[in-house]
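# Descriptive analysis of the structure
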Amino acid sequence: MDLLPLVESNLTSLAWFRPELALTAGPLLVLVLDLVWRRSPGRVARLSGVALLVLAAAAVLLAGQPEGGQALFNGMIQSDGFATYFKWLFLAAGAVTVVVVALGSEVAKERVGEFHALLLAVVLGLFLMASASDLLMMYLAIELVSMTSYVLAGFRRGDRRATEAALKYVIYGGVASGVMLFGMSYLYGLAGTFSFAELGPAVAAALQGSGPSLAAARLALVVGIAFVAAGVGYKIAAVPFHMWCPDVYEGAPTPFTAFLSVGPKAAGFALALRFFLSAFRPREAQEGAAALLEAVPWPAVIGVVAAATMTLGNLVAIAQTNLKRLLAYSSIAHAGYTLMGLSAASAAGAQSVMIYLALYLVMNLGAFVVVMLVASATGSESLLDYRGLAKRQPFTAVAFVVFLLSLTGLPPFAGFIGKWYLFTAVWARTGEAGGGWYAVLLVIAALNTAVSLYYYARIIRAMFLDAPNAAEPSPLHPPLGYQLIAGAFAAAVILFGVLPQPVIAWAEQALGKMGG
Amino acid sequence: MFTPGSILSWATFAPLAAAALVVLLVVLRPILRLSRRAVDDGARLLALAGSGLSLLAAIAAWRMFDGSTDQVQLVQHVTWIRAFNIEYFLGVDGLSISMVLLTGIISFVATIASMPWWSGARAAELAGMVEGGHQDPAHPHPQHFSVRAVPGYMALLLLLQTGMMGTFVALDMFLFYVFWEVMLLPMYFLIGIWGGPRKEYAAIKFFLYTLAGSVLMLLAIIGLYYNSAPAELAGGDTAAHTFNLVELARQGAAGQFERAAPILGFAFTKLAFVALFIGFAIKIPMFPFHTWLPDAHVEAPTPISVILAGVLLKMGPYGILRFNYPLLRDATQWAAGAIAVFGLINIVYAAFVCLAQKDLKRLIAYSSVSHMGFTLLGMAAMTPAGISGAVLNMFTHGLISPMLFLVAGVIYDRAHHREIERFGGLAQALPEYAAVVGLSFFASLGLPGLAGFISEFMVFSGAFPVFTTYTMVAAISVVITAAYYLWAIHRMFLGKLNPAYQGYPDLNWRERLSLYPLGAMVIVLGFYPQAVLSVIGNTLQTLIKGMSPL
């Protein structure tokens, strides 16, 4: 075997891999400095600064990356505008998480370095997830994100809830990745390749046969795709792989919960979009695409999963009284909405998913910042302690209303634009032959929106309508940094709701540059 | 300042600008070292200025409007979100200009009714408008809404006004939807924070009902967009689809939506019609979606009831006439019979429910349900008199029902209850009040010479040739309307004066300022309905051209 081309490919690929290299060096740097600065008084600020610098370095390298799509490392990963779009989201989420960890007290001071190092490793994993274009790389990237996330979820070692969260996360994650690996083995057996780009034609060729061999191939294909999808579904917390989500969200340190709700979820969607759209794209002039869709009607299956996910998330959220759990179920519901865009199986659908994830990042991080802010001042995440917040911290209460209504999807907030794009992408498919079920999906999503208002409004009611717990409510004095971040996010939510054009154009452009 | 191209933006955004100033005032309070009282008064002045400017702009727009054509006028048209062909497109035709004027008037009246000023010391003390509430231990009650968290109240009231005005002037479906939803939140808070004992329940019920309807509407809007033909945008480019309601109406008249692919075997036009209609019917409110209304009204503070009855309910029929009628003409004809039946149910059923009410505000709320039934019946007939009567009824009911809620507020501010049975002989203690109540009740029951009579008469005469039986039943049920109003007057004002109400102050200037202008308009329109009819006529005749079953 001639190794020279492989080595050459790897060497040329490095030019497109610099952000990832920076993120690889980052955790090591943070760990070393953590030891060096062990006794220095300003450790937290310094280490956070270093972590931010690493992210900034990755951002600079990402911005200076050569133009155009490029298959790297012999097609293991794809560096293209699509991946870059998501990478920016991960960098933003990472930076916000670093800052809120530094401001808060949920992560013990002496362990901040450890946290940041692990967080940077997660961001690296997310980068790889967004650009993986090969089944093996997909598995490795998911595992990198999962392993580091297990540790971060159980970061508060003394806390029983954290321990439970980490354990549940590990067990569910282990099962999910095992199942996914099993599914991959079927796909490989069927197609003889790991590459997404070659997977579609190869599988289509395998479906050309007849008789028992065709039936076997179909079954193998269904099992393979379903099991791989299960692995991704676990990352985005889609029903029925969502059980870990509320416990982990509740038990993990809140900054990491916030990160978990936007980062890995977005990466899961990026991976799913790439996997399904580049390997099993319907409607395109791909050889045997029709036979493939007939064998595995994945858009319809994902549509059913989307409906189930949003309905379950919303209905269970109604009964929650812990804000973190409530937001966990809300994030399950939002995964359901976003899955609608995937089930549309079209360029417009992919674009709507990208837009939604970017806007969801802003509003959901904002909501979690408010939860952290209130928890830092009252020490509680219970809905009961939000009563009378409007009197104690009017600014925060108003910002929270903006986030909650944006999550509901009301104009003029960003969430409405996101939902609008999802709905329009799905609607565009209803007119087609056999697309009538998309209309049913839309009606379910619309009714879910009304249901979701009920529990979001419960928080608003607690803050504004209910009497405070104490007769003379004392004003809260949360850290100014939290307030500034919450205010900035609220302003962004309104800005993107009124002037969404930049985000839309950016997503459209990025999707146009999707390679592979 | 007011040019034809910007007048509607002034009317829409003047309240929003005032709301922003109110927020600024609150933010700057610690810096400027203002007292709470100064901030409250500043917020009140800003609210009066904002809604006053909006009213002036609405009147100016009314005067600029040329009623002799059916064209859209006072247009402002620019691109907003290019990626989706969404435009900032404002304009009015005969239908919307009447609603713009109504919104301006009612918003300003509601703002006046939100002031504690001009009340007189005794009335203010009775109403609990003083700091710390009312001191009489025999009648404990909370502070009046007009002195509670004033800046927040005023900012939300102004935001609500922007949403209402915007809904009536938007001619882009997306923009319409944005304004439509913008109204929900202030309404939720205004009922939920400043409302009566069951305010939380009433507020969330209103919010959920309306949102459930509007998400269905959203789906229909997206569907209409995707089934529209290419059209020109404000910039001159051609877009594949459009949200432009004027262009969509043109395409609707040409049968564009009848050609859309069916969904799950149902015709697209019928599905879109039903989705839109449910969204609007919840707002009307039409039986069986009306149950949120009595709760919202009973718990809402008086000015919010005024806005709810005066303007918000009109958005239902307005939406039907703006979307369903011009865009989905075939489906509208298909559904006309059903609309008439629902209208009849509204009229008769709600009238009977009124008879059983013990609470004055609940009675008025149900009477609104009943009166909106006339609009539905007139609309369904699609005759010139029927449709004009329907829209005139929106206008007259928009003047009369705010009067009714204001008079209910007057007695509640004094007695702190609204139970009809517990009053008696009030005419002796409050003669001026009794006269105004008489005027508003008689206007509402359709006494000739007052505004309500003209619109009811036109609806009956327009609907009679098409729905003869329904019209006869509806006309007979007017007797029930007369019965519940007269019976209420009888129980409240006649007979021996209940000594508990001895010495109550009569109307004060705050109440006069809000009630008399409305009363004057009710009387003027009763003799000269042409003032409104001549403006709305041409637009409505074009709207039903070719749809009339006769």
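Residues numbered from 1 in each chain as written. Chains lettered and ligands numbered in written order. Predicted model: local features only at pLDDT ≥ 70, side-chain atom pairs only at ≥ 80, totals over all residues.

### What to know about the overall build of chain A
Under the convention used in this document: The numbering of helices and of strands both runs from the N terminus, where a helix is a DSSP run of H or I of at least 4 residues and a strand a run of E of at least 2. Here the globule rule is a power law, 2.2 Å times the number of residues to the power 0.38, and the radius of gyration is based on C-alpha atoms. Our exposure labels follow a C-beta count within 10 Å of each residue's own C-beta, placed from the backbone: buried means 20 or more other C-beta atoms, exposed means 12 or fewer, and partly exposed covers the counts in between. It is the C-beta atoms, placed from the backbone, that decide contacts: two residues are in contact if theirs lie within 7 Å.
Looking only at helices and strands, chain A features 21 helices and two strands. Scaling as 2.2 N^0.38, a compact globule of 516 residues should have a C-alpha radius of gyration of about 24 Å, and chain A matches this with 23 Å. On the principal axes, the C-alpha backbone points of chain A span a range of 80 × 55 × 40 Å. Relative to its 516 residues, chain A shows a buried fraction of 58%. Within chain A, contacts between residues separated by at least 24 positions form 80% of all contacts whose residues are at least 6 apart in sequence.

### Considering the overall build of chain B
Helix and strand counts for chain B stand at 22 helices and four strands. By the compact-globule yardstick of 24 Å for 550 residues, chain B fits well, its C-alpha radius of gyration being 23 Å. Residues classed as buried in chain B amount to 61% of the 550 residues present. For chain B, restricting intrachain contacts to residue pairs at least 6 apart in sequence, the fraction spanning at least 24 positions comes to 79%.

### Some remarks on the packing of helix α11 (residues 292-299) of chain B against helix α15 (residues 360-381) of chain B
Residue and element names in this part refer to chain B. Rules: Note on geometry: axes are lines fitted to C-alpha atoms, helical ones only across the stretch in contact, with angles between N-to-C directions running from 0 to 180 degrees. To sort the angles, those under 35 degrees are grouped as roughly parallel, those over 145 as roughly antiparallel, those from 65 to 115 as roughly perpendicular, and the leftovers as oblique. Crossing chirality is assigned from the near helix's rotation relative to the far helix, an anticlockwise turn below a right angle marking it left-handed and a clockwise turn marking it right-handed. Under this grouping Gly is polar, as are all residues other than the nonpolar Ala, Val, Leu, Ile, Met, Phe, Trp, Tyr, Cys and Pro and the charged Asp, Glu, Lys and Arg.
Look at α11 against α15: their axes get within 9 Å of each other, and the N-to-C directions meet at 140 degrees. On the basis of the axis angle, α11 is oblique to α15. In the crossing of α11 with α15, the sense of the turn from one axis to the other is right-handed. Between α11 and α15, the contacting residues are Leu293, Pro294, His297 and Val298 on the first element and Lys361, Arg362, Ala365, Tyr366, Ser368 and Val369 on the second. Considering only residue class, the contact of α11 with α15 consists of six nonpolar, two polar and two charged.

### Some details on the environment of Thr449 of chain A
Looking at the element boundaries, Thr449 of chain A is found in helix α19 (residues 436-465). The exposure class assigned to Thr449 of chain A is buried, which follows from the 25 C-beta atoms found within 10 Å. The spacing of Thr449 of chain A and Phe400 of chain A is 49 residues in sequence and 18 Å in space, taken between C-alpha atoms. Excluding its chain neighbours within four sequence positions, the residues that come into contact with Thr449 of chain A are Thr408 and Gly409 of chain A together with Val215 of chain B.

### Some words on the interface of chain A and chain B
Quoted interface sizes are often the accessible area lost when the parts come together. Across the contact, 27 residues belong to chain A and 27 residues belong to chain B. Of all the secondary-structure elements, those providing two or more residues to the side of chain A that touches chain B are α18 (414-430), α19 and α21 (501-512) of chain A. For the side of chain A that touches chain B, the element with the most residues is α19 of chain A, which contributes 13 residues.

### Examining helix α9 (residues 245-253) of chain B
Residue and element names in this part refer to chain B. When we look at burial in α9, the residues that qualify are Leu245, Glu247, Leu248, Ala249, Gln251 and Gly252. Buried residues in α9 make contact with α6 (173-182), α8 (199-226), β3 (231-232), α13 (315-327) and α14 (329-355). Two residues or fewer after α9 comes Gly255, characterised by a positive phi angle close to 80 degrees.

### Regarding the pairing of strand β1 (residues 73-81) of chain B
All names here are of chain B. Condition: The criterion for strand pairing is that DSSP finds at least two bridges linking the strands in question.
Two strands pair when backbone bridges link them, and β1 and strand β2 (residues 86-92) are joined in this way by six bridges, in the antiparallel orientation. Bridge pairing in β2 places Val78 opposite Tyr88. Hairpin connection of β1 to β2: four residues between the antiparallel strands, including Asn85 at a positive phi of 55 degrees.

### Observations regarding the nonpolar core
Which entries qualify depends on this criterion: Remark: nonpolar core denotes a set of buried Ala, Val, Leu, Ile, Met, Phe, Trp, Tyr and Cys residues whose joining runs through C-beta atoms within 7 Å.
Formed by 425 residues in total, the largest nonpolar core has its most connected members in Met129, Leu359, Val369 and Phe403 of chain A together with Ala61, Val100 and Leu377 of chain B. Among the elements that make up this core, the one with the highest residue count is helix α15 (residues 347-378) of chain A (23 residues). With residues up to four places along the chain from it excluded, the contact list for Val369 of chain A reads Val100, Tyr482, Ile485, Ala486 and Phe489 of chain A.

### Looking at the confidence of the model for chain B
Here is the rule: Confidence of the predictor at the level of single residues is given by pLDDT, which spans 0 to 100.
Of all residues in chain B, 98% have pLDDT values of 70 or greater, and the mean over the chain is 91. Interface confidence in the predicted complex, given as ipTM, is 0.89; pTM for the same model is 0.93.

### Observations regarding the environment of Leu404 of chain A
Residue and element names in this part refer to chain A. Here Leu404 lies in helix α17 (residues 394-408). Separated by 48 residues in the primary sequence, Leu404 and Ser452 have C-alpha atoms spaced 9.8 Å apart. If sequence neighbours within four positions are ignored, Leu404 has contacts with Ala367, Tyr456, Ile459 and Ile460.

### Things to note about the packing of α15 of chain A against helix α20 (residues 480-498) of chain A
Residue and element names in this part refer to chain A. Contact geometry for α15 and α20: axes closest at 9 Å, N-to-C directions at 150 degrees. In terms of orientation, α15 and α20 fall into the roughly antiparallel class. Considering how the two elements wind past one another, α15 and α20 form a crossing that is left-handed. From α15, Leu359, Val362, Met363, Leu365, Gly366, Val369, Val370, Met372, Leu373 and Ser376 reach across to α20, where they touch Tyr482, Gln483, Ile485, Ala486, Phe489, Ala490, Ala492, Val493 and Phe496.

### Structural notes on the environment of Ala18 of chain B
Residue and element names in this part refer to chain B. Within the secondary structure, Ala18 sits in helix α1 (residues 7-32). Distance in space between the C-alpha atoms of Ala18 and Ala49 is 7.5 Å, their sequence separation being 31 residues. If we ignore the near neighbours within four places in the chain, the residues touching Ala18 are Leu46, Ala47, Ala49, Gly50 and Leu158.

### What about unusual backbone geometry?
At the junction of Val239 of chain A and Pro240 of chain A, the peptide bond is cis and its omega measures out at 5 degrees in the coordinates. For Pro240 of chain A, the position within the fold is in the loop between α9 (211-236) and α10 (244-251). A cis amide bond links Phe287 of chain B to the next residue, Pro288 of chain B, at an omega of 5 degrees. Mapped onto the elements of the fold, Pro288 of chain B is located in the loop between α10 (268-283) and α11.

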